[in-house]
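Remarks on the overall topology
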Amino acid sequence: MLLKGKTTLVTGSSRGLGKAIALAFARQGAKVAINYRASEDEAKEVVSEIKNMGGETLLVKANIGDAVQAKSLVDEITQKWGQLDILVNNAGITSQDRFADMPIERWNLIVGVNLNGSAYCAHAVLPQMIKRNSGVIINMSSILATRVQYSVVYGATKAAIERFTTGLAREIRRTNISSACIKPYFSKTEVVTSFLDGKVDTSDWEEPDMWGVYCTKIANAEPAITTGKIFDQTLCKETFGDWK
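Anyway, here's the lowdown on the structure attached to this text. Predicted model, so just to flag it, every value in this text is computed and none were measured. (Residues numbered from 1 in each chain as written. Predicted model: local features only at pLDDT ≥ 70, side-chain atom pairs only at ≥ 80, totals over all residues. Heavy atoms only, no water.)

**Quick word on the side chain of T226**
Worth spelling out the cut-off: Segments assigned H or I by DSSP are reported as helices when at least four residues long, segments assigned E as strands when at least two residues long, and all are numbered from the N terminus. Any pair of nitrogen or oxygen atoms within 3.5 Å is treated as a polar contact; in protein, a donor-acceptor pairing is required on top of that, and neighbouring residues in sequence qualify only through side-chain atoms on both sides.
Within the fold, T226 resides in helix α8 (residues 223–226). Within polar-contact distance, the side chain of T226 engages the side chain of S178 at 2.7 Å.

**Here we look at the packing of aromatic side chains**
For any pair of aromatic rings, the description consists of the separation of the ring centres together with the inter-plane angle of the planes. We apply this condition: A pair of aromatic rings is counted whenever rings of Phe, Tyr or Trp (Trp by its six-membered ring) have centres within 6.5 Å, and the orientation is called stacked for planes under 30 degrees apart, edge-to-face for over 60 and tilted otherwise. Buried, partly exposed and exposed residues are distinguished by accessible area as a fraction of the type maximum, computed with a 1.4 Å probe on protein chains only: under 20%, between the cut-offs, and over 50%, respectively.
Tallied over the entire structure, the rule returns four aromatic pairs. When the ring of W211 is compared with that of Y214, the centres are 6.3 Å apart and the planes differ by 65 degrees; the resulting orientation is edge-to-face. Within this pair, W211 and its partner Y214 are both found in helix α7 (residues 208–220), separated by three residues, close to a single helical turn. Across this residue pair, the class does not change: W211 and Y214 are buried. An angle of 35 degrees between the planes, with centres 5.8 Å apart, marks the rings of F231 and F240 as tilted. Taken as a pair, F231 and F240 share a single burial class, namely buried. One aromatic cluster is present, built from ring pairs that chain together W211, Y214, F231 and F240.

**Some points on α7**
A turn of α-helix holds 3.6 residues, and therefore any two residues three or four places apart point the same way. Here is the rule we go by: Expected helix span is computed as 1.5 Å times (number of residues minus one).
Over its 13 residues, α7 extends 19 Å from the first C-alpha to the last, a length consistent with the 18 Å expected when each residue adds 1.5 Å. Of the residues making up α7, those classed as buried are P208, M210, W211, G212, Y214, C215, T216, I218 and A219.

**Quick notes on the pattern of salt bridges**
The cut-off we apply is this: Counted as salt bridges are all cases of a side-chain nitrogen of Lys or Arg within 4 Å of a carboxyl oxygen of Asp or Glu.
Scanning the entire structure with this criterion turns up seven salt bridges. Between K71 and D75 there is a salt bridge, with its nearest N and O atoms 2.9 Å apart. Residue K71 and its partner D75 are both found in helix α3 (residues 67–81); the two are separated by four residues, about one turn of the helix. Using a relative accessible area of 45% as the deciding quantity, one classes K71 as partly exposed. Here D75 falls in the partly exposed class, since its relative accessible area comes to 35%.

**So, the sheet that holds strand β3 (residues 57–61)**
Worth spelling out the cut-off: Paired strands, in this sense, are two strands between which DSSP finds at least two bridges. Whether two residues are in contact is decided by their heavy atoms, any of which lying within 4.5 Å being enough. Between N-to-C directions, angles cover 0 to 180 degrees, with each direction set by a line fitted to C-alpha atoms, over the stretch in contact for helices.
An order of β3-β2-β1-β4-β5-β6-β7 is seen for the seven strands of this open sheet, with the pairing classed as parallel. Strands with a single pairing partner mark the edges of an open sheet, and in this sheet they are β3 and β7 (230–231). On top of the sheet, helix α5 (residues 152–171) reaches β5 (135–140), β6 (177–182) and β7; it is set at about 160 degrees to β6, its chief contact.

**Considerations on unusual backbone geometry**
Even without being a glycine, N133 presents a positive backbone phi close to 60 degrees. Structurally, N133 is set in the loop between α4 (104–132) and β5. Exposure remark for N133: the relative accessible area of 39% places this residue in the partly exposed category.

**Re the packing of α4 against α5**
For any two helices packed against each other, one specifies the crossing angle of their axes together with the interaxial distance. Quick note on the threshold: By the definition adopted for this analysis, an angle is roughly parallel if under 35 degrees, roughly antiparallel if over 145, roughly perpendicular if from 65 to 115, and oblique otherwise. Should the near helix be turned anticlockwise from the far one by less than a right angle, the crossing is termed left-handed; should it be turned clockwise, right-handed. Residue classes follow a fixed rule: Ala, Val, Leu, Ile, Met, Phe, Trp, Tyr, Cys and Pro count as nonpolar, while Asp, Glu, Lys and Arg count as charged, and any other residue, Gly among them, counts as polar.
Between α4 and α5, the least distance of the axes is 8 Å, while the angle of their chain directions is 20 degrees. One element, α4, and the other, α5, form an angle in the roughly parallel class. The handedness of the crossing between α4 and α5 is right-handed. Of α5, the residues touching α4 (which contributes W107, I110, V111, N114, L115, S118, A119, A122 and L126) are V152, V153, Y154, T157, K158, A160, I161, F164 and L168. When its residues are assigned to classes, the contact of α4 with α5 shows 14 nonpolar, three polar and one charged.

**Some details on the pairing of strand β4 (residues 86–89)**
Using the following cut-off: Think of it like this: strands point away, you trace from the first strand over the helix to the second, and a clockwise trace means the crossover is right-handed.
Of the two faces of β4, the one holding I86 and V88 and the one holding L87 and N89 are both buried throughout. Of the strand pairs in this sheet, strand β1 (residues 7–10) and β4 are connected by three bridges, and their pairing is parallel. Pairing of T8 across the sheet is with I86, part of β4. On the question of chirality, the crossover connecting β4 to the parallel β5 by way of α4 is right-handed.

Here it is, written out as structure tokens:
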């Protein structure tokens, strides 16, 4: 097991990519905190899956778009397990509204979760990582960070996440902490496929389990190999080989 005993938080891990990532970490022996904002039933199902495979887990409700709740989330995990070794900033939301038609409150909500939430969680955990001189932060970008398609606000937050990742990596470059980012193409999650309802060809879309496996490999690698990197599928294969 690559990550036996490593304490891990995957935000927004009740479904989709977050669920796949959480389960992948559990399979590699990590203790995994499952975080959700509203999908309690789905989050409890993920907890049950981890327990059924003999893993250790913790269920924590928190809106990471709120700085106080994000810090409390990290504090609760640290109190339970002594420290937090790995943070996967997965939680994200989107909207199909055109920018001109979007209520500004919705813009603030999406930026608050996708960008600020990642920063809040990283800010909460970094002091202990710096004190230990070890830790891994994996942020979640998207092909839409650079492909001008679909939601303006979602793409803007993902582009900002990439800059946040590389900027943070530079700040902590003299430590043994990794700040990395994954950049999925389009993934076959249940939420997306049900929304599309067969209207789009998803044959070339990526499997969520692939990203779960690659996240465990990033977390297990030496920081010199991963920090400051934006890992799309191509770079993952070049660095770690095939995921299966």
